[in-house]
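This is what each chain is made of:
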Amino acid sequence: MFSKLTTVAVSLLALTIFVIVGCSDDETTPTGTNPTNDSGTVEFTEFGNLVEQIAPPVYTTPSGAPHGDWDSLWTNGTNPLLGKVFGADEPMSLYWNIENLDGAIEELTMISLRLDSMGITGDTTFTVPEGPTIELQTLIANTAIPTQCQAILGFTEVDLDKLVKLHFTEGDFSGDYHIGYALGDSTQSYVTFFTATEGTLVESFLYYAFVNLNDSSVDIRGIFFKDYGNQTSARWGYNIETVNEVDFSYRMSWFSDESPDFSLLGCVVGGGNKDEMFALKYRQYVPADTTVVDSAYILDQTFDGNYAYIGTGIATGYESFVNEDNIFTLEDMPTTLLTSPWTE
């Protein structure tokens, strides 16, 4: 389902940082105009640790996970459903997406700090030798969310302060990273757009991330669309939120039409307490545009913090976490490649 485009982009961004660092002889600790910590350095928030505080741990090897007393897609087989939900290798999985979000913020942090140390401030555009073009902008109006992303992100516009754009090429590969952000005393917001092209493959994703610095609560949403160039595509959307400071709510749906025989929409919704108990529902639609759920794969399950099954079905008190009205439907999904909120 997924190509090396994102991997190539990360490599090129790493080169960007190497070149930028090499451009400056200033080895002092840079300071910025954004909110700072006690040492004076800029603080951007990465979200991996915050998600781990509320979400179940990374689901890894199927053989190491407890099995239920009936044949279930959750844990059984070579490609268990929990790997798509809370794994780190499947591209629609929670931790895969959070890692990519944090990768963008890490690059933003390093670029921002180094540019401050080099005395590069304000709105400007420059090209790094043997590297990408970087553009810095101050945002004076709310950022409009592209229409086809609004259903999953849940809003039409967002108030951000700064924008960093990167454009890079290597051979037949080209990519763009756009990262907008607002850093306040008690909250931070980020919108990250990425697109890359290599031959006939084109992929794009858009992330929104919000954190309340007072209680570490988060709201993270993401959308992905990939065009294979042969009239097939892959797409997904997800949302994880903190509930009552210690619980989580999660929903994710993915679409695939790679099979020549059918298309599929897989949908997960659930939540609870990662250390004690959480509940998940899975619903599947084949073909993806049908309104009738696949009766063979109606899965309702409650788990403990180690992914062991707790009874069958949804435990009492967890019904609100698995409300099927919160499932992302095919109508919520993008139908074409995503465009940047800052397309000119």
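Residues numbered from 1 in each chain as written. Predicted model: local features only at pLDDT ≥ 70, side-chain atom pairs only at ≥ 80, totals over all residues. Heavy atoms only, no water.

Novice: Account for the sheet that holds strand β1 (residues 124-127), with residues named and values stated.
Specialist: Taken together, the 12 strands give an open sheet; going across it, the order is β1-β2-β5-β6-β7-β8-β9-β10-β11-β12-β13-β14, and neighbouring strands pair in antiparallel fashion. The open sheet has two edge strands with one neighbour each: β1 and β14 (299-303). Along the sheet, successive strands turn relative to each other by an average axial angle of 10 degrees, direction set aside. As defined by bridge partners, strand β10 (residues 233-243) adjoins strand β11 (residues 247-256) across 10 bridges and the pair is classed as antiparallel. By the bridge assignment for β11, A234 is matched with S256. (Pairing = 2+ DSSP bridges. Helix = DSSP H or I, 4+ residues; strand = E, 2+ residues; numbered from the N terminus. Axes fitted to C-alpha atoms, helices over the stretch in contact; angles between N-to-C directions.)

Novice: An account of the packing of aromatic side chains is requested, with residue identities and associated values reported.
Specialist: Tallied over the entire structure, the rule returns 24 aromatic pairs. Between F278 and F303, the ring centres sit 5.4 Å apart and the planes meet at 20 degrees, which makes this aromatic pair stacked. Of this pair, F278 sits in strand β13 (residues 277-285) while F303 is found in strand β14, placing the two residues 25 residues apart along the sequence. The same class applies to F278 and to F303, which are both buried. When the ring of Y318 is compared with that of F321, the centres are 5.9 Å apart and the planes differ by 35 degrees; the resulting orientation is tilted. Using a relative accessible area of 13% as the deciding quantity, one classes F321 as buried. Among the aromatic residues, those joined into a ring-pair cluster are Y59, W74, F86, F248, Y250, F278, F303, Y307 and Y309. The lysine or arginine in question, R235, covers the ring of F255, its NZ or CZ lying 4.0 Å from the ring centre. (Phe/Tyr/Trp six-rings, centres within 6.5 Å; stacked < 30°, edge-to-face > 60°. Buried < 20%, exposed > 50% of the residue type's maximum accessible area, 1.4 Å probe, protein only. Lys NZ or Arg CZ within 6 Å of the ring centre and 35° of its normal.)

Novice: Go over the pattern of salt bridges with me, naming the residues and quoting the values.
Specialist: Throughout the structure, instances matching the rule amount to seven salt bridges. Among the salt bridges present, the one from D219 reaches R221, with a minimum N-O distance of 3.0 Å. Using a relative accessible area of 10% as the deciding quantity, one classes R221 as buried. Residues participating in the shared-partner salt-bridge network are K281, R283, D300 and E324. (Salt bridge = Lys/Arg side-chain N within 4 Å of Asp/Glu carboxyl O.)

Novice: Describe in detail unusual backbone geometry, supporting the description with residues and values.
Specialist: Trans peptide bonds make up the majority, and among non-glycine residues the majority have a negative phi. Here the residue pair V286 and P287 is connected by a cis peptide bond, since its omega of -5 degrees sits within 30 degrees of zero. Residue placement: P287 occurs in the loop between β13 and β14. With a phi close to 70 degrees, E245 is a non-glycine residue in the positive phi region. One can find E245 in the loop between β10 and β11. In this structure E245 comes out as exposed when scored by relative accessible area, which is 56%. Positive phi values are uncommon outside glycine, yet Y307 reaches one of about 70 degrees. Assignment of secondary structure puts Y307 in the segment after β14.

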